[in-house]
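# A structural walkthrough
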Amino acid sequence: MTQTAGPRHIPFDRLHNFRDLGGYRSADGRTVRWGVLYRADSLGKLSGADWDRFLGLGVRTVIDLRYPWEIEAKGRIPEPERFAYANLSIEHRPYDQAEIDPALDPWRYLADRFAEVAEDGVEEIRGAIELIADGPGPAVFHCTSGKDRTGLIAALVLTLLDVPEEEVLADFALTELATGRLTADWHAAHPGRTLRWPAYGRAPATVMELVLADLTARYGSPSAYLTEAVGITPQTTARLRERLLV
């Protein structure tokens, strides 16, 4: 089932941050198709009515951005053999957001973690983008909360589609609508622990603005980072745009 238009947020009972990337306008006047590319929090939470709702979207490619040990602990999407499934862990230096020092500048701290992912994860980032461009569609990519790792891939894909930066930042910040439920899930999963970091689950546009500025400072632009560091070819970009823009 492919949507011709639709809501940005797709409601699930146990998933809090499942979103359609359709509707954003490219610089050439085209628009990202609805119902062909989704971003999400952990699909390991799918069951029951949520599973039926997910299957109704017709997703054929699933990109899991989590560490293998996260998948082992929390589970992958049910019946992964139904999909073109890939585990591409773009983050290589784990950290516990719940334990971040409250005295730190939270947005600079997160942007620095994004910079590490952008440096360490080029092979996996390239693999994810190429699979979105070439794998069977529709496609979904996800991490645990659908916030940071998922947010970075979303920003890079939208950049390749020539979506204006203000729209890229706005898409990142939509996770703020899920912050309350993500925080509640953390408390439910960690009874007796104290959540030290008051910015847990937050995703203000400022974070992605810093990330894109850092890529510009180092490479000249986020687009140059994608071509020079990640190795995205003009052919891959053309296929991505052909698939996702209308």
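Residues numbered from 1 in each chain as written. Predicted model: local features only at pLDDT ≥ 70, side-chain atom pairs only at ≥ 80, totals over all residues. Heavy atoms only, no water.

## Notes on the packing of helix 4 (residues 122-134) against helix 10 (residues 234-244)
Each pair of packed helices can be summarised by the angle the axes make with each other and by the distance between the axes. Just so we agree on the cut-off: Each axis is a line fitted through C-alpha atoms, and for a helix only the stretch in contact is used; angles between axes span 0 to 180 degrees, taken between their N-to-C directions. Every helix listed is a DSSP run of H or I at least four residues long, and every strand listed is a run of E at least two residues long, numbered separately from the N terminus. Roughly parallel means an angle under 35 degrees; roughly antiparallel, over 145; roughly perpendicular, 65 to 115; everything else is oblique. Left-handed is the label given to a crossing in which the near helix is rotated counterclockwise from the far helix by less than a right angle, and right-handed is the label when the rotation is clockwise. Note on definitions: a residue-residue contact is assigned when non-hydrogen atoms from the two residues lie within 4.5 Å. Residues are grouped as follows: Ala, Val, Leu, Ile, Met, Phe, Trp, Tyr, Cys and Pro are nonpolar; Asp, Glu, Lys and Arg are charged; all remaining types, including Gly, are polar.
It is at 8 Å that the axes of helix 4 and helix 10 come closest, and there the two elements cross at 50°. As judged from the angle between their axes, helix 4 and helix 10 are oblique. Here the hand of the crossing between helix 4 and helix 10 comes out left-handed. Counted together, I129, E130, L131, I132, A133 and D134 of helix 4 and T236, R239, L240, R243 and L244 of helix 10 form the full contact between these two elements. A breakdown of the residues in the contact of helix 4 with helix 10 according to their chemical character gives 6 nonpolar, 1 polar and 4 charged.

## A word on the sheet that holds strand 1 (residues 19-20)
Applicable threshold: Two strands are said to pair when DSSP picks up at least two bridges between them.
Across the sheet, 5 strands lie side by side as 1-2-5-3-4; this open sheet has mixed pairing. Both outer strands of the open sheet, strand 1 and strand 4 (84-87), are each paired with one neighbouring strand and no more.

## As for the packing of helix 5 (residues 149-160) against helix 9 (residues 222-230)
Look at helix 5 against helix 9: their axes get within 9 Å of each other, and the N-to-C directions meet at 100°. Looking at the two axes, helix 5 sits roughly perpendicular to helix 9. Between helix 5, through L156, T159 and L160, and helix 9, the contact on the second element is made entirely by P222, S223, Y225 and L226. Classifying every residue of the contact of helix 5 with helix 9 gives 5 nonpolar, 2 polar and no charged.

## Re the pairing of strand 4
Our working rule: Here, the term right-handed applies to a crossover whose path from the first strand over the helix to the second runs clockwise when the strands point away from the viewer.
Looking at chain direction, strand 3 (residues 61-64) and strand 4 are connected through 4 bridges and run parallel. Counted as the bridge partner of D64 is N87 from strand 4. Chirality of the crossover, the property in question, places the unit of strand 3, helix 2 (residues 68-74) and strand 4 among those that are right-handed.

## Quick word on the side chain of D41
Test applied: What qualifies as a polar contact is a pair of N or O atoms within 3.5 Å, subject to a donor-acceptor requirement within protein and to the restriction that residues adjacent in sequence count only when both atoms come from side chains.
Inspection of the secondary structure puts D41 in the loop between strand 2 (37-40) and helix 1 (48-55). A polar contact of 2.8 Å, which involves the side chain of D41, links it to the side chain of K45. Those residues in contact with D41, other than ones at most four positions away along the chain, are R14, L15, H16, N17, F18, H142, C143, T144, S145 and G146.

## Comments concerning the packing of aromatic side chains
In plain terms, the rule: Only centres within 6.5 Å qualify two rings of Phe, Tyr or Trp (six-membered ring in Trp) as a pair; their planes then separate them into stacked at under 30 degrees, edge-to-face at over 60, and tilted for everything else. Only lysine NZ and arginine CZ atoms are considered, and such an atom sits over a ring when it is within 6 Å of the ring centre and within 35 degrees of the ring normal.
Within the structure shown, the criterion is met by 11 aromatic pairs. Site record: aromatic cluster; members linked through ring pairs are F12, F18, Y38, W51, F54 and F83. Looking at R8, its charged tip hangs above the ring of Y24, at a distance of 4.1 Å from the centre.

## A word on the pairing of strand 3
Both faces of the sheet carry side chains from a regular strand, because those side chains alternate between them. What counts, and what does not: Buried, partly exposed and exposed residues are distinguished by accessible area as a fraction of the type maximum, computed with a 1.4 Å probe on protein chains only: under 20%, between the cut-offs, and over 50%, respectively.
Every second residue of strand 3 is oriented toward a common face, with T61 and I63 on one face and V62 and D64 on the other, all of them buried. Here 4 bridges tie strand 3 to strand 5 (residues 139-142), and the two strands are oriented parallel to one another. Counted as the bridge partner of V62 is V140 from strand 5.

## Focus: the pattern of salt bridges
Put simply, the rule is: Salt bridges are defined as contacts in which a side-chain nitrogen from Lys or Arg sits within 4 Å of a carboxyl oxygen from Asp or Glu.
The final tally for this structure, using the stated rule, is 21 salt bridges. A single network of salt bridges, built from pairs that share partners, joins R93, R113, E116, E119 and D120.

Coordinates in, geometry out; function isn't part of it.
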